[in-house]
Number of protein chains: 2
Amino acid sequence: MTRRGQYAKGAAKRAEILAVALDVVAEMGTRKSSNREIAARVGLTQPGLMHYFRTREDLFVEVLRARDARDHEQFYSPDQGFQGFLDVIAHNATVPGLVRLYVEYSAEATIEGHPARAYFEERFAWVRALVIESVESEQAAETMGTGVDVPYVADLMIAAADGLQVQWLLDPSIDMAARLSRLWEGIRATSWTPIEA
Amino acid sequence: MTRRGQYAKGAAKRAEILAVALDVVAEMGTRKSSNREIAARVGLTQPGLMHYFRTREDLFVEVLRARDARDHEQFYSPDQGFQGFLDVIAHNATVPGLVRLYVEYSAEATIEGHPARAYFEERFAWVRALVIESVESEQAAETMGTGVDVPYVADLMIAAADGLQVQWLLDPSIDMAARLSRLWEGIRATSWTPIEA
DNA sequence: GTCTATAAAAGGATAGAC
DNA sequence: GTCTATCCTTTTATAGAC
């Protein structure tokens, strides 16, 4: 066993834990997903799990960060416009644990002083910037008019996407990406101009 | 003390508990709002509280049901169209505990077998029906075109409203009602027709 | 209607051995 | 890197007195 081998094993175990945590969350919800249960499913005891993640909050935030990194790499490219956003949504519908963790944890974390609140604030700003960029790239390509209030549209698309996730958790037959695509087309089809500003 | 007097006192205490529960949730979030803390704030012990609500879930669902009843009576009238929905949203922004409880608890309750899942399913169907009715009443008054896919628009408005609540919890300076009003006007202003159907 | 007392469980986290 | 053992806290809920 070389030192590199050990590191590689540690990294693999970490990745395994992140994946298994999503399965557990999908089945029992964030609240009932105990560290013990997650540990058991990767063949560890609960203290064994804590070797990889100092706190429970760290574990959940790491799961979400891993998602962000993958989404950014896999779905967003500078010039594809709004389609990247829709691709992420479509992909989410294949990972119920991720949707559940995001919806539950983002709600819980809004409370003052929650250890994950900063993560969600930063993530929101990040997604917002990505969507704004997407819309502006559509404007540059003249596939969308310049009359729209871009930040407003970005916040609205994000709100609709988040709200649809709760509806989808109650009824997974609804097509989140199709509905958001329709909203997007609706905005694009109009000469919709801001009310203020 | 007549029998009626005792009932009246019990009902008043129940109402007090519902109100105080919202304060506690606003401060500490649903997860950390223990029965003990709520009980203490109404001058009861935790078993004293359980006299009024058999389980914690009962208490939270009762809080939400009381809100539904009041909203329905206060804000919805058969012929006012979509404005009732916007009035409810504007009122929500004055009751942070309610927004927090709804967002957190509706997420948690989507899990299979959760005691509050049925409530949220029924509530969603109910709100959906109300919004559909509102839109149709606008169509009847010819303040909205007949080309729109009404159920789709209803689900979208609800999703946007729910998603905005999370954004509002992170930043209470955003005006939820104004944003939804703007979406509504956007839909109204277009000859937006369904993509499918 | 409210309390005291207590059950009974589960939770997250840590110390220290191996 | 993982385990055993254990701590300490907190939770909801119940039994039974007043």
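Look up: the structure comes first, before these words.
Residues numbered from 1 in each chain as written. Chains lettered and ligands numbered in written order. Predicted model: local features only at pLDDT ≥ 70, side-chain atom pairs only at ≥ 80, totals over all residues. Heavy atoms only, no water.

Colleague: Just give me the short version of the overall build of chain A, but keep the residues and values in it.
Modeller: Helices and strands together make up the secondary structure of chain A, namely nine helices and zero strands. In chain A, the succession of α and β elements from N to C terminus is α-α-α-α-α-α-α-α-α. Overall, chain A is about 60 × 40 × 35 Å in size when its C-alpha atoms are taken along their principal axes. Each of the 197 residues in chain A was classed as buried or not, and the buried ones make up 51%. Taking all contacts inside chain A whose residues are at least 6 apart in sequence as the whole, residues at least 24 apart take part in 64%. For chain A, the exposed area adds up to about 9,400 Å²; of that, 53% sits on carbon and sulfur atoms. Taken as two groups, the 21 positive and 28 negative side-chain charges of chain A have centres that lie 11 Å from each other. (Helix = DSSP H or I, 4+ residues; strand = E, 2+ residues; numbered from the N terminus. Buried < 20%, exposed > 50% of the residue type's maximum accessible area, 1.4 Å probe, protein only. Contact = heavy atoms within 4.5 Å. Areas by Shrake-Rupley, 256 points an atom, 1.4 Å probe, with all protein chains shown as cover. Lys, Arg positive; Asp, Glu negative; His and termini not counted. Charge placed at Lys NZ, Arg CZ, Asp CG, Glu CD.)

Colleague: Please give an account of the pattern of salt bridges that cites residues and values.
Modeller: Considering all chains together, one arrives at 28 salt bridges over all chains under this definition. Among the ionic pairs, Arg41(A) bridges to Glu37(A), the shortest N-O distance being 2.9 Å. Here Arg41(A) and its partner Glu37(A) are both found in helix 2 (residues 35-41), four residues apart, which amounts to about one turn of the helix. Asp71(B) is the partner of Arg70(B) in a salt bridge, and the nearest nitrogen-oxygen pair spans 2.4 Å. Assessed through its relative accessible area of 29%, Arg70(B) is described here as partly exposed. Here the salt bridges do not stand alone but share partners, grouping Glu27(A), Glu37(A) and Arg41(A) into one network. (Salt bridge = Lys/Arg side-chain N within 4 Å of Asp/Glu carboxyl O.)

Colleague: Lay out the protein's contact with DNA strand D in plain terms, naming residues and giving numbers.
Modeller: Around DNA strand D, the surrounding shell holds 16 residues, and the nearest of these are Thr45(A), Tyr52(A), Arg36(B), Gln46(B) and Arg56(B). Asn35(B) is positioned such that a nitrogen or oxygen atom in its backbone is 3.3 Å from a phosphate oxygen of DNA strand D. Sorting the residues of the surface near DNA strand D by element identifies helix 3 (46-50) of chain A together with helix 2 (35-41) and helix 3 (46-50) of chain B as the ones contributing at least two each. Among the residues forming the surface near DNA strand D, the class breakdown is five nonpolar, eight polar and three charged. (Near = heavy atom within 4 Å. Polar contact = N/O pair within 3.5 Å; in protein donor to acceptor, adjacent residues only side chain to side chain. Nonpolar A, V, L, I, M, F, W, Y, C, P; charged D, E, K, R; others polar.)

Colleague: Lay out the relation of the copies chain B and chain A with the relevant residues and their values.
Modeller: Superposition of chain B onto chain A requires a rotation of 180° combined with a translation of 0.0 Å along the rotation axis, giving an RMSD of 0.0 Å. In short, the pair behaves as if placed about a two-fold rotation axis. A share of 100% of the interface residues of chain B reappears at the interface of chain A, consistent with the copies meeting face to face through the same patch. (Least-squares fit on C-alpha atoms with pLDDT ≥ 70 in both.)

Colleague: Residue-level account of the interface of chain B and chain A, with values.
Modeller: Listed by partner, the interface residues are 43 residues for chain B and 43 residues for chain A. A per-residue breakdown of the area chain B buries against chain A is headed by Arg31(B), Leu170(B) and Arg182(B), which together make up 21% of the total. Inspection of the region where chain B meets chain A yields six salt bridges. Taken together, the connections running from chain B to chain A amount to 16 residue pairs in polar contact (both at pLDDT 80 or more). Residue assignment for the side of chain B that touches chain A shows that the elements contributing at least two residues are helix 1 (3-32), helix 6 (96-108), helix 7 (117-140), helix 8 (150-170) and helix 9 (176-189) of chain B. Top element by residues in the side of chain B that touches chain A is helix 8 of chain B. It accounts for 13 residues. Here the residues of the side of chain B that touches chain A are counted per class, giving 21 nonpolar, seven polar and 15 charged. (Buried area = accessible area lost by both parts, 1.4 Å probe.)

Colleague: Please set out the protein's contact with DNA strand C residue by residue, giving values where relevant.
Modeller: Residues in close proximity to DNA strand C total 17 residues, the closest being Gln46(A), Met50(A), Arg56(A), Thr45(B) and Tyr52(B). Those atoms of DNA strand C that come within 4 Å of the protein belong to sugar or phosphate at a rate of 64%. With respect to DNA strand C, the side chain of Gln46(A) contributes an N or O atom lying 2.7 Å from a base nitrogen. Looking at the surface near DNA strand C, the element that brings in the most residues is helix 3 of chain A, giving three residues. Grouping the constituent residues of the surface near DNA strand C by class yields five nonpolar, nine polar and three charged.

Colleague: Would you mind going over the environment of Ala66(A) in detail, with residue names and values included?
Modeller: Residue and element names in this part refer to chain A. Looking at the secondary structure, you find Ala66 in helix 4 (residues 56-75). With a relative accessible area of 39%, Ala66 lands in the partly exposed category. Sequence separation between Ala66 and Ile17 is 49 residues; the distance between their C-alpha atoms is 12 Å.

Colleague: Could you give an account of helix 5 (residues 83-92) of chain A, naming the residues involved and the relevant values?
Modeller: Three or more residues of helix 5 of chain A are buried, namely Gly84(A), Phe85(A), Leu86(A), Val88(A), Ile89(A) and Asn92(A). Against helix 4, helix 6 (96-108), helix 7 (117-140), helix 8 (150-170) and helix 9 (176-189) of chain A lie the buried residues of helix 5 of chain A.

Colleague: I'd like to hear about helix 6 of chain B, residue by residue, with values.
Modeller: Between its first and last C-alpha atoms helix 6 of chain B spans 18 Å; for 13 residues at 1.5 Å apiece the expected length is 18 Å, and the two agree. Within helix 6 of chain B, twelve of the 13 residues are buried, which leaves it mostly tucked inside the rest of the structure. (Expected span 1.5 Å × (residues − 1).)

Colleague: Explain the side chain of Lys13(A) to me, and be specific about the residues and the numbers.
Modeller: Residues and elements named next belong to chain A. Tracing the backbone shows Lys13 in helix 1 (residues 3-32). Here Lys13 falls in the buried class, since its relative accessible area comes to 19%. Apart from residues lying up to four places away in sequence, Lys13 is in contact with Val42, Leu44 and Tyr52.

Colleague: Got a sec to walk through the packing of helix 8 of chain A against helix 9 of chain A? Specific residues and values, please.
Modeller: All names here are of chain A. Look at helix 8 against helix 9: their axes get within 10 Å of each other, and the N-to-C directions meet at 155°. Comparing the axis directions of helix 8 and helix 9 gives the class roughly antiparallel. Viewed along their axes, helix 8 and helix 9 form a crossing whose handedness is right-handed. Side by side, helix 8 and helix 9 meet where Val153, Met157, Ala160, Ala161, Leu164, Gln165, Gln167 and Trp168 of the first sit next to Met176, Arg179, Leu180, Leu183, Trp184 and Ile187 of the second. Counted by class, the contact of helix 8 with helix 9 contains eleven nonpolar, two polar and one charged residues. (Axes fitted to C-alpha atoms, helices over the stretch in contact; angles between N-to-C directions. Parallel < 35°, antiparallel > 145°, perpendicular 65-115°, else oblique. Left-handed = near helix turned anticlockwise from the far one by under 90°.)

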